[in-house]
Amino acid sequence: MVMANAIRALSMDAVQAANSGHPGMPMGMADVATVLFTRFLKYSAAWPNWPNRDRFILSAGHGSMLLYSLLYLTGYPGITLDDIRNFRQLGSKCAGHPEYGVAPGIETTTGPLGQGFGNAVGMALAERIQAARFGPELVDHYTYTVAGDGDLMEGISHEAASIAGHLKLSKLIVLFDDNRICIDGATDLAVSDDNLARFASYGWDVSAVDGHDPDEVAEAISAAQQSDLPSLIACRTTIGYGAPNKQGTASTHGAPLGDDEVAAARIELDWPHAPFIVPEDVLAAWRTAGERGAPAEAQWRARVAATSTEVATAFEHAVAGQLPAEFSAAVIAYKKQLADEKPRVATRKASQMALEMINPLVPEMTGGSADLSGSVLTKTAEMTAINAADFSGRYLHYGVREHGMAAVMNGMALHGGIIPYSGTFLVFTDYCRPSIRMAALMEQRVIFVMTHDSIGLGEDGPTHQPVEHLASLRAMPNVNVFRPADAVETLECWALAVQSSEAPSVLSLTRQGLPAVRTQHMDENLCARGGYELQAASGTAQVTLIATGSEVSIALAARDLLEADGIWTRVVSLPCWELFDQQNEAYRAETLGLSTVRVAVEAASTFGWERYVGAEGAIVGMTGFGASAPAYKLYEHFGITADAVAQAARTKIG
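As the structure is a prediction and not an experimental result, all values here were calculated from the model. Residue positions are given per chain, counted from 1 along the sequence in the order it is written. It should be noted that, the model being predicted, local features are given only for residues of pLDDT at least 70 and side-chain atom pairs only at 80 or more, the latter also being counted only at that level, while totals for whole chains, interfaces and linings use all residues. To obtain the side-chain values, all non-hydrogen atoms of the structure were included, while hydrogens and water were left out.

### Some remarks on the overall build of the protein chain
Then, in step 1: Starting at the N terminus, helices and strands are each numbered in turn, a helix being any DSSP run of H or I of at least four residues and a strand any DSSP run of E of at least two. Scanning the protein chain from N- to C-terminus turns up 26 helices and 20 strands.
Then, in step 2: Against the 2.2 N^0.38 benchmark of 26 Å for 654 residues, the protein chain shows a C-alpha radius of gyration of 27 Å, consistent with a compact globule.
Then, in step 3: Along the three orthogonal principal directions, the C-alpha set of the protein chain runs to about 90 × 55 × 45 Å.
Then, in step 4: Categorising residues by exposure relies on relative accessible area from a 1.4 Å probe, with only protein chains included: less than 20% of the type maximum marks a residue as buried, more than 50% marks it as exposed, and the intermediate range marks it as partly exposed. Within the protein chain, the fraction of its 654 residues that count as buried is 61%.
Then, in step 5: The distance from the centre of the 46 positive side-chain charges to the centre of the 73 negative ones in the protein chain is 5 Å. A radius of gyration in this sense is built from C-alpha atoms; the matching globule rule multiplies 2.2 Å by the number of residues raised to 0.38. Residues scored as positive are Lys and Arg, those scored as negative are Asp and Glu, and His as well as the terminal groups of each chain are ignored. By convention, charge coordinates are those of NZ in Lys, CZ in Arg, CG in Asp, or CD in Glu.

### Looking at unusual backbone geometry
Then, in step 1: Within the chain, D371 stands out as a residue other than glycine whose phi angle is a positive 60°.
Then, in step 2: Within the fold, D371 resides in the loop between strand 9 (365–369) and helix 16 (373–376).

### Digging into the sheet that holds strand 16 (residues 532–535)
Then, in step 1: Strand pairing is assigned whenever DSSP detects at least two bridges linking the two strands. Strand order in the open sheet formed by five strands is 16-18-17-19-20, with mixed pairing between adjacent strands. Strands with a single pairing partner mark the edges of an open sheet, and in this sheet they are strand 16 and strand 20 (618–622). Each strand of the sheet is rotated relative to its neighbour by a mean of 25°, with strand direction disregarded.
Then, in step 2: As judged from the four bridges shared by strand 19 (residues 597–605) and strand 20, these two strands associate in the parallel manner. For V601, the partnering residue across the bridge sits in strand 20 and is V620.
Then, in step 3: Against the sheet, helix 26 (residues 642–653) touches strand 17 (543–547), strand 19 and strand 20, its axis set at about 145° to strand 19. Angular values range over 0 to 180 degrees, each being the angle between N-to-C directions of two axes fitted as lines to C-alpha atoms, with helices fitted over their stretch in contact. Only heavy atoms enter the contact rule, under which two residues are in contact if any of them lie within 4.5 Å.

### Some remarks on the pairing of strand 1 (residues 55–58)
Then, in step 1: Going residue by residue along strand 1, you find R55 and I57 tucked away on one face and F56 and L58 tucked away on the opposite face as well.
Then, in step 2: The sheet contact formed by strand 1 and strand 2 (residues 143–147) spans four bridges and is parallel. Residue pairing across strands places F56 opposite Y144, the latter belonging to strand 2.

### Some points on the nonpolar core
Then, in step 1: Among buried residues, those of type Ala, Val, Leu, Ile, Met, Phe, Trp, Tyr and Cys that are joined through side-chain atoms within 4.5 Å constitute a nonpolar core. With 61 residues, the main nonpolar core has F56 and L175 as its most contacted residues.
Then, in step 2: Apart from residues lying up to four places away in sequence, L175 is in contact with M29, V32, L36, T145, V146, A147, I221, I233 and C235.
Then, in step 3: With 55 residues, the next largest nonpolar core counts A124, Y202, V446 and L470 among its residues.

### Quick word on the pairing of strand 14 (residues 505–508)
Then, in step 1: Burial along strand 14 is two-sided: the face carrying S505 and L507 and the face carrying V506 and S508 are both buried.
Then, in step 2: Bridge count for strand 12 (residues 447–451) against strand 14 is four bridges, and the pairing is parallel. Among the inter-strand pairings, V449 is bridged to a residue of strand 14, identified as L507.
Then, in step 3: One ladder, built from three bridges, connects strand 13 (residues 480–482) with strand 14; its direction is parallel. By the bridge assignment for strand 14, F482 is matched with L507.
Then, in step 4: The parallel pair strand 13 and strand 14 is bridged by helix 20 (residues 487–499), and the resulting crossover is right-handed. With its strands directed away from the observer, a crossover is right-handed exactly when the path from the first strand over the helix to the second travels clockwise.

### Thoughts on the environment of A46
Then, in step 1: Of note, A46 is situated in the loop between helix 2 (24–40) and strand 1.
Then, in step 2: Owing to a relative accessible area of 75%, A46 belongs among the exposed residues under this scheme.
Then, in step 3: C-alpha of A46 to C-alpha of P77: the two residues are 31 residues apart in sequence and 7.4 Å apart in space.

### Some words on the sheet that holds strand 13
Then, in step 1: Taken together, the six strands give an open sheet; going across it, the order is 10-9-11-12-14-13, and neighbouring strands pair in parallel fashion. This sheet does not close on itself; its edge strands, each paired only once, are strand 10 (395–397) and strand 13. For this sheet, the mean inter-axis angle between neighbouring strands, taken without regard to orientation, is 20°.
Then, in step 2: As judged from the three bridges shared by strand 9 and strand 11 (residues 419–425), these two strands associate in the parallel manner. Looking at the pairing, S369 lines up with G423 of strand 11.
Then, in step 3: Helix 15 (residues 347–361) contacts strand 9, strand 11 and strand 12 of the sheet and is inclined by roughly 150° relative to strand 9.
Then, in step 4: The strands touched by helix 20 within the sheet are strand 9, strand 11, strand 12, strand 13 and strand 14, with strand 12 carrying the most contacts at an inclination of about 150°.

As C-alpha cells, then:
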C-alpha cells in the first residue's frame, strides 16, 4: 500500500500545484498499477525502448499523473521531480495528457478517449505479426492498457475490441478502471452496459476483481496471461481513493482536491511527508522494481546474439524503420517503365500497381481495407490474410470498422517493425479523422489509402462523393495529402509516403480511369516538391492552370483550347500542397507563375485554393454537394470541364 500511496501523493500534489487536472483516476488505480509494475510488467527503465518490452498504454489519458508518477518512481530517464512539480505547465514533460515522444515510457499520445484502447489493439497485433516473422525468441511480450468508463463508452472501443476478439490477441490485457464515475456524476446517468457480457460477446476472457486488493489483481493478471483470448479485467475501484470527503464522487474526477482535502488525504493515507517528497525507502523499492526486467533483457540480448546475422539484421532494420538500400533505384526503374507504357488507369489501380512493386521489396508493409479490398485495391498478389491461427500474412480484413482500423494502424506504427497502410473511400475519412490527427500529432508513418475521391465516383451519389474532405485534411498540421494525376505520379507519391518517417500520408485516388500525363521519364521525384510545371507554354505564358489528380488532364485539355486561340498557357500539377508549401519562395513563385492569370481546377471544395491563384485568379470546383449520375455527366453538370476552365481564364484576361 505504501508504494501505491506514493503514486497517490504525487498525483494529488501535482494536480493541486497546477490547479488543474484529474486526481481521481490515478488515486483509484494506484494499487492496480503498483501490482502491474512491480510483479508483471516486463520493462527496463534503463532501456525504455527495448524492443521486446511489454507495452503499457494509459488509454484514460486524463489520469496522466498515474503514468508520470510511475515513470519517475521506477527511474525512467526523462521525467524528473521538477517536471512533476510543473505538471501542465509550459515546457514540462508532464503535459495535461501523455504525449508520445516527450519522454521515454510514454508509448502513445492519449486523451481523446478510446484512442489508446485502439492503439493497444494495434500494438498487440503488431507483436503477433512480428513474432510470426522473427520468432518468439526475438518478439514475445504483452500489451497492457488502463481504460476507463469513457474509453468503453466511445464507439471506437467496440470496433477495436471486436477486431481483437476476432483475431484472438491473447497477449492483450485491458485493466478496466471500473469506478462507475464520470464527470457528470455516476455513470448510470448515461450508461447501463454490462461490459463483461459485452466483451465476452467479442470473444474476450473477462473477470472482475477488487481493484484495491493487490493479491486479487495479481491473480487475475496471472490468469489473463495464460488465456488464449484477449482479456478484460474489471477492477472495481474507488475514484479519488484516500481523499476521505471526496473519494467515490465526481468531484475528484476533473478538478484539484483542494488544500484542505489534500491535507485530509495525507492523514487518511498515513502519508505525513511534504508535497512531492517520496521517502528514500519507498523510492528505493520503486527503483528496484524499475530494474526487475534486467535479467529478461540480458536473456533477450543473448538470444539476439545467437540469431543468424540475416535475421538479426532484418529485425534491426524493421525496428528502426529502415527501407532497403535498393528502394529508390527500384522506384526509378518502375517509373521509367510506366512512362514508356503510358497506362490509362484509375489512380486506385495505379496505387495497386505501385504496391505490387513496393510490397515484395519492403516486408514491413502491412496492408488492409475496411471491407473494400476489391474497390480500394490495397491487396497485392503475394499477400495472404492475417487470421487468428496464422499471423504470418501481411493483409488485414478490418471489416466495416474505419475508426478502429485507423487507431489500430497507429498502434502498429508505434509498436515498430510495421509500416501500416489500409484503405477505404475518401468520404469515410470522416470516420478515420480522429486517428489521422493523432498520427499527425505523434509523427507516425501511417498511410491512409482513400479512393473514390470526387464526383468522379459517379452513381453512388452525394453520400459517397467527397467535397469538403480534401480541404479538411489539408487543414490538419503534419499530414501529407497526395492527389496524384496518373500512374507515374501515384508511384512517386507512394514512394514519398513510404519514406515519410515523421508524418502520416493520405493518398487521394480516383475510381475513374485517367490518361497518362507524365510521359517523359525523369529520375527525379517531381512530386517531392509538391508541385511542378507539367506543361510549359508555347510562348511567353499569359495563363497558368493549376490542378491536382483527375483534373490535371482537364487542365491540359483547357491549355490546348487556350493555345489554339493564341493564349499561351502552362499547366502546373500540384499533387501535395504540404510539400509545395515547404519549398523556397523563389521556387513557389516560379512554379505558380505570379505574373500570369492563374486558374485552379479541382473536383472538390474550392476552399484554400485562394493562396495559389491570388486575388485576381479563378477557381473551378465544387461549391455544394454532388449528385447521382455517371461521372462524365456530373463533370458537365457541375461545370468542371476543359471548356469551363478555358473560359474562366479568358474572362480573367479580359
